[in-house]
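Below, each chain spelled out in residue letters.
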Amino acid sequence: EAGVTQFPSHSVIEKGQTVTLRCDPISGHDNLYWYRRVMGKEIKFLLHFVKESKQDESGMPNNRFLAERTGGTYSTLKVQPAELEDSGVYFCASSLYRGLREKLFFGSGTQLSVL
Amino acid sequence: AQSVTQLGSHVSVSEGALVLLRCNYSSSVPPYLFWYVQYPNQGLQLLLKYTSAATLVKGINGFEAEFKKSETSFHLTKPSAHMSDAAEYFCAAFHMNRDDKIIFGKGTRLHILP
């Protein structure tokens, strides 16, 4: 069974450019999460999809970030325009259930460098 | 707001020595607690989790963690380190019936010395 896959694994862009990150969750997982880790800091929650609906987007830093999950399958996270402080590792995770039974399966992350 | 604190961003131990990675949480109500591990170029994997059933939790690869409410701690241990244990370890907390998000610590990178 394929795990959570993220693409690209690395992205280097200049300030002001646009970048789109993609996450393919495990098939059948309704819950999809985006997290971000800025270097040296904790992994922080960005948002949570249940199927195609945004359940919680309280962690999104600002309106330069746009997440979508059309059809409830894969998700994209677009940063437009990118700023220096957006650099970090963006993790995607999926789970079958929420709450106590929740077991998150993580992708290997996308390392974003904004120069 | 609840938080998770991991003492030491880098820990080095000799192969065969005891591994101890520290984690403390701040919450008046004990949360559910997790340890995740990230090996190079891989995603985070769940090592173990505490869900109030037993205070000593055994995980994969010989790791275990003990929940101590009086100390608000959930330290991760392994009796004898192996070279393959070199990785980054994250402690995390989750509250049922709250905002339903897992809160992570800053991570501790474990180095194994030959």
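All of the points below concern the structure found in this document. Position numbers for residues count from 1 along each chain, tracking the sequence in the order it is written. Chain letters start at A and ligand numbers start at 1, both assigned in the order the entries are written. It should be noted that, the model being predicted, local features are given only for residues of pLDDT at least 70 and side-chain atom pairs only at 80 or more, the latter also being counted only at that level, while totals for whole chains, interfaces and linings use all residues. Processing note: side-chain calculations cover all non-hydrogen atoms of the structure and skip hydrogens and water entirely.

Attention now moves to unusual backbone geometry. With the exception of glycine, most residues fall at negative phi, and the peptide bonds are largely trans. Cis peptide bonds are those with omega within 30 degrees of zero, and the linkage from F7 of chain A to P8 of chain A qualifies with -5 degrees. The amide bond that connects Q80 of chain A to the next residue, P81 of chain A, takes the cis arrangement and shows omega of -10 degrees. If you check the backbone angles, N61 of chain B has positive phi at about 60 degrees while not being a glycine. By the criteria applied, helices consist of DSSP H or I runs no shorter than four residues and strands consist of E runs no shorter than two, each listed in order from the N terminus. Among the secondary structure elements, N61 of chain B is positioned in the loop between β6 (56-58) and β7 (64-68). Each residue is placed in one exposure class: buried if its accessible area under a 1.4 Å probe, protein chains only, is under 20% of its type's maximum, exposed if it is over 50%, and partly exposed if it falls in between. By relative accessible area, which is 41% here, N61 of chain B ends up partly exposed. Located in the positive-phi region is T72 of chain B, a residue other than glycine, with phi close to 45 degrees. Residue position: T72 of chain B is located in the loop between β7 and β8 (73-78). A residue is classified by how much of its surface remains accessible, and T72 of chain B, at 27% relative accessible area, is partly exposed.

Further remarks concern the sheet that holds β8 of chain B. Residues and elements named next belong to chain B. By definition, two strands form a pair when at least two bridges between them are found by DSSP. Taken in spatial order, the five strands make up an open sheet running β1-β3-β8-β7-β6, and their pairing is antiparallel. Because the sheet does not close on itself, it has two edges, and the strands there are β1 (3-7) and β6. Pairs of neighbouring strands in the sheet enclose a mean axial angle of 20 degrees, with direction left out of account. The pairing of β6 with β7 spans three bridges and is classified as antiparallel. Its bridge partner lying in β7, L56 is registered against E66. Each axis is a line fitted through C-alpha atoms, and for a helix only the stretch in contact is used; angles between axes span 0 to 180 degrees, taken between their N-to-C directions.

Attention now goes to the pattern of salt bridges. Residues and elements named next belong to chain A. Salt bridges are identified by distance alone: a Lys or Arg side-chain nitrogen within 4 Å of an Asp or Glu carboxyl oxygen. Per the stated rule, a full pass over the model turns up eleven salt bridges over all chains. R36 is the salt-bridge partner of D86, the closest N and O atoms lying 4.0 Å from each other. Linking D86 in the loop between β8 (75-79) and β9 (88-95) with R36 in strand β4 (residues 31-37), this pair joins segments that are 50 residues apart in sequence. Between K44 and E42 there is a salt bridge, with its nearest N and O atoms 4.0 Å apart. What emerges from the salt-bridge pattern is a single network uniting R36, R64, E85 and D86.

Once that is clear, we can look at the interface of chain A and chain B. Pairs of residues are marked as contacts when any of their non-hydrogen atoms sit within 4.5 Å. Taken together, the contact pairs 19 residues of chain A with 22 residues of chain B. For the pair chain A and chain B, the summed buried surface comes to about 1700 Å²; carbon and sulfur atoms form 58% of the total. Counting the contacts that link chain A with chain B gives one salt bridge. A salt bridge links E88 of chain B to R37 of chain A; the shortest N-O distance between them is 2.8 Å. In the analysis that follows, any N or O atom pair within 3.5 Å is treated as a polar contact, provided that within protein one partner can donate a hydrogen and the other can accept it, and provided that, for residues neighboring in sequence, both atoms belong to side chains. There are two residue pairs in polar contact (both at pLDDT 80 or more) connecting chain A and chain B. Among the secondary structure elements, those contributing two or more residues to the side of chain A that touches chain B are β4 and β5 (43-50) of chain A. Three classes are used: nonpolar for Ala, Val, Leu, Ile, Met, Phe, Trp, Tyr, Cys and Pro, charged for Asp, Glu, Lys and Arg, and polar for all others, with Gly counted as polar. Looking at the side of chain A that touches chain B, its residues break down into seven nonpolar, five polar and seven charged. As a working definition, buried area equals the accessible area (1.4 Å probe) given up by two parts on being put together, with both sides summed.

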